Amino acid sequence: MSGRVLVITSGKGGVGKTTATANLGAALALRGKRVLVIDADIGLRNLDVIMGLENRIVFNLVDVIKGVCKHQQAIIKSKRSNNLFLLPASQTDDKNVINVDEMRDLLNKLKQEFHFILVDCPAGIEQGFKNACAGADQAIVVTTPEVSSIRDADRVIGLLASEGIETSLLINRVDRDLVKQGDMIAPQEVVEMLGIDQIGMIFRDNDIVISSNSGDPIVYNEKSKVGKAFLEVADRLLGVAVPISTNISESFWTRLGRKFSRAV
Amino acid sequence: MVFSKIIKKIFSGSFSKYAAKNRLQMVLTQDRTGLSSNDMEAFRKDLLAVISTYFVIENNQLDIQWDKKDNTTALIINTPVMVRTVTGGKMKKAVGTK
Ligand SMILES: Nc1ncnc2c1ncn2[C@@H]1O[C@H](COP(=O)(O)OP(=O)(O)O)[C@@H](O)[C@H]1O
Ligand SMILES: [Mg+2]
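About the cut-offs
- Residue positions are given per chain, counting from 1 as you read along its sequence in written order.
- Working convention: letters from A go to chains and numbers from 1 go to ligands, in the order in which they are written.
- Local features are withheld for residues below a pLDDT of 70 in this predicted model, meaning they are given only at 70 or higher, and side-chain atom pairs are given and counted only at 80 or more; totals for whole chains, interfaces and linings count all residues.
- Heavy atoms throughout the structure, all of them, feed into the side-chain values; hydrogens and water do not.
- Put simply, DSSP H or I for four residues or longer makes a helix, DSSP E for two residues or longer makes a strand, and each gets a number counted from the N terminus.
- Per-residue accessibility, obtained with a 1.4 Å probe over protein chains only, is compared with the maximum for each type, and a residue is labelled buried under 20%, exposed over 50%, and partly exposed between these values.
- Note on contacts: a residue pair is in contact if any heavy atoms of the two residues lie within 4.5 Å.
- A pair of strands is labelled paired if DSSP reports no fewer than 2 bridges between them.
- Computed over the protein atoms alone on a 1 Å grid, cavities are sets of points where a 1.4 Å probe fits but cannot get out and pockets are open sets with protein on both sides within 12 Å along at least five of seven lines; a residue lines them when it has an atom within 4 Å of a point.
- Grid points are joined across faces, edges and corners, and a volume is the space filled by probe spheres set on the points.
- If even one non-hydrogen atom of a residue comes within 4 Å of a molecule or strand, that residue is called near it.
- Identification of polar contacts relies on pairs of N or O atoms within 3.5 Å, with a donor-acceptor requirement for protein atoms, meaning one able to donate a hydrogen and the other able to accept it, and with residues adjacent in sequence counted only if both atoms are side-chain atoms.
- The rule for placing a molecule in a cavity or pocket is simple: more than half of its atoms must lie within 2 Å of the grid points.
- Note on residue classes: Ala, Val, Leu, Ile, Met, Phe, Trp, Tyr, Cys and Pro are nonpolar, Asp, Glu, Lys and Arg are charged, and everything else, Gly too, is polar.
- All axes here are fitted lines through C-alpha atoms, helices being fitted over the stretch that makes contact, and every angle between N-to-C directions spans 0 to 180 degrees.
- By convention, a stacked pair of Phe, Tyr or Trp rings (six-membered ring in the case of Trp) has centres within 6.5 Å and planes under 30 degrees apart, an edge-to-face pair has planes over 60 apart, and any other such pair is tilted.
- Salt bridge, as applied in this entry: a Lys or Arg side-chain nitrogen positioned within 4 Å of an Asp or Glu carboxyl oxygen.

Would you explain the overall build of chain B in this entry?
For chain B, the count of helices and strands is three helices and four strands. When the helices and strands of chain B are listed from N to C terminus, the series reads α-α-α-β-β-β-β. Taken over 98 residues, chain B has a buried fraction of 23%. Counting only contacts in chain B whose residues sit at least 6 apart along the sequence, the fraction spanning at least 24 positions is 23%.

Would you explain the pairing of strand β5 (residues 116-120) of chain A in this entry?
All names here are of chain A. Burial analysis of β5 places five of its five residues in the buried class, the great majority of the element. Of the two faces of β5, both are covered, the one formed by Phe116, Leu118 and Asp120 as well as the one formed by Ile117 and Val119. Taken together, the five bridges between strand β1 (residues 4-9) and β5 define a ladder with parallel strand orientation. Looking across to β5, one finds that Leu6 is bridged to Leu118.

Is there a simple way to explain empty space enclosed by the protein in this structure?
The probe, sized like a water molecule, is rolled over the atoms to show the empty space still left. Residues and elements named next belong to chain A. Inspection of the entire model under this criterion finds one cavity of 30 Å³ or more. Counted as a void, the largest cavity has a volume near 40 Å³. At three residues, helix α10 (residues 206-214) tops the list of elements feeding residues into the lining of the largest cavity.

Would you explain the site of ligand 1 in this entry?
Residue and element names in this part refer to chain A. If you check the shell around ligand 1, you find 14 residues, and the closest are Gly14, Lys17, Thr18, Thr19 and Asn172. At a separation of 3.0 Å, an oxygen atom of ligand 1 approaches a polar backbone atom of Gly16. The separation between a nitrogen atom of ligand 1 and a polar main-chain atom of Phe203 is 3.0 Å. A majority-of-atoms criterion places ligand 1 in the second largest pocket. Counting only elements with at least two residues in the shell around ligand 1, the list comes to α1 (17-30), β7 (166-174) and β8 (197-203). If you tally residues by element for the shell around ligand 1, the top one is α1, at three residues. The class makeup of the residues in the shell around ligand 1 is four nonpolar, six polar and four charged.

In this structure, what is going on with the sheet that holds β1 of chain A? I would like to understand it.
In sheet architecture, strand pairing relies on hydrogen bonds along the backbone and comes in two forms, parallel and antiparallel. Residues and elements named next belong to chain A. On the basis of which strands lie adjacent, the open sheet formed by eight strands has the order β3-β4-β2-β5-β1-β6-β7-β8 and mixed pairing. The open sheet has two edge strands, β3 (76-77) and β8, and neither has a second partner. As judged from the five bridges shared by strand β2 (residues 35-39) and β5, these two strands associate in the parallel manner. Note on β5: the bridge partner recorded for Val35 is Phe116. Across the sheet, helix α9 (residues 187-194) is in contact with β6 (138-143), β7 and β8; its angle to β7 comes to roughly 150 degrees.

I would appreciate a short explanation of the packing of aromatic side chains in the present structure.
How two aromatic rings sit relative to each other is given by the distance of their centres and the angle of their planes. All names here are of chain A. As enumerated under the stated definition, the model contains two aromatic pairs over all chains in all. Aromatic pair Phe85 and Phe114: ring centres 5.7 Å apart, planes at 65 degrees, arrangement edge-to-face. Taken together, the residues Phe85 in strand β4 (residues 84-87) and Phe114 in the loop between α5 (100-110) and β5 connect sequence positions 29 residues apart. The exposure class assigned to Phe114 is buried, which follows from its relative accessible area of 2%. Aromatic pair Phe252 and Trp253: ring centres 5.3 Å apart, planes at 70 degrees, arrangement edge-to-face. We classify Trp253 as partly exposed; its relative accessible area is 37%.

For this particular structure, what's the right way to read the pattern of salt bridges?
Side chains that differ in sign of charge can pair as their charged atoms come close. Within this structure, the stated rule accounts for 16 salt bridges over all chains. In this structure, Asp154 of chain A and Arg32 of chain B form a salt bridge, with 2.7 Å as the shortest nitrogen-oxygen distance. Note that Asp154 of chain A is positioned in helix α7 (residues 147-162) and Arg32 of chain B in helix α2 (residues 17-33), a pairing that runs across two chains. A relative accessible area of 4% places Asp154 of chain A in the buried class. Salt bridges sharing partners connect three or more residues here, namely Glu189, Glu250 and Arg258 of chain A together with Lys17 and Lys21 of chain B.

Honestly, the layout of surface pockets in this entry has me stumped. Any pointers?
All names here are of chain A. Here the second largest pocket defines a volume of roughly 440 Å³. Along its surface, the second largest pocket is lined by 23 residues, and Gly14, Val15, Gly16, Thr19 and Arg173 are the ones closest to its centre. At the level of secondary structure, the elements contributing two or more residues to the lining of the second largest pocket comprise α1, β7 and α10.

Structure (structure tokens):
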């Protein structure tokens, strides 16, 4: 087996990287793939909590890289699936304790055991970012439809392009009402401005907040629309041509209102 | 969306997405080109001067955009100009040179 390594990154913090990593990992596992998610946010680990695995951690990514333990000892199986595994971050170290070569070597080894490895990248573009991108075959850049987030995404897209990493865009926390009333940049406009392919669009949804409280990724809730949206992203990663149907634009009334607004 | 809300927005002129898009366009241009807003203004003035040597630009309208596709960035300059027709030597309105 030689798996695919995907880094989930963004530049800006708090846009949904960890949420996306947990849910895409769970979704790919639901589709029968053997999946490892790696928390590369050393010093600020969170992926364990989002997946409800915080009580099972014994060793971590830094321990594996420094040879303190074997990777089999550090990797934890998820509660929900026999196909989904987590390699947690260290909470006490600094992002500079590992380097790009060590990360790449580890990924090359782990690739033999998994179909997919998803790396949850820390915010920023310094060492932590470089480590998380080392060894990635592909990147998903997460952005919300806001100025600061899109700007940071543009920066990161440029850096990934210079590394020759294939990149696609996941637009998160889209508020349908705000887009309709002309107070949020529409997803298709974000794609246009950033000039890269879109892999999906996720609405702002309270289901995400609720599922993070219980540490159970939302894709396991079959009734959840946002869970379904993550499953669709996973299917696109698997090469299934699921259309991104839900691109939204301003409502008729907003367009009309805007015409009047220019006139008054 | 509620009608009364639209009416309110019409009078306040607030469709904030357009402010967001314009500001974003500015910062992306600055980030991608490494030009500050002062540099951009100077570039604009120089461009206007060069184009004005050959054409008459309507109301000094000059729209500068950077378009990013894959790994290349294209500079797109859009300006309505008046051109001299062959026959009359009179100025005639023409739409955008690109
Ligand atoms: N689509 C969404 N709808 C509502 N809340 C969301 C959504 N995506 C993420 N969040 C919330 O936003 C916060 C930041 O998300 P997180 O995944 O931790 O971001 P990052 O890893 O990029 O810092 C979390 O509280 C999360 O629950
Ligand atoms: Mg995170």
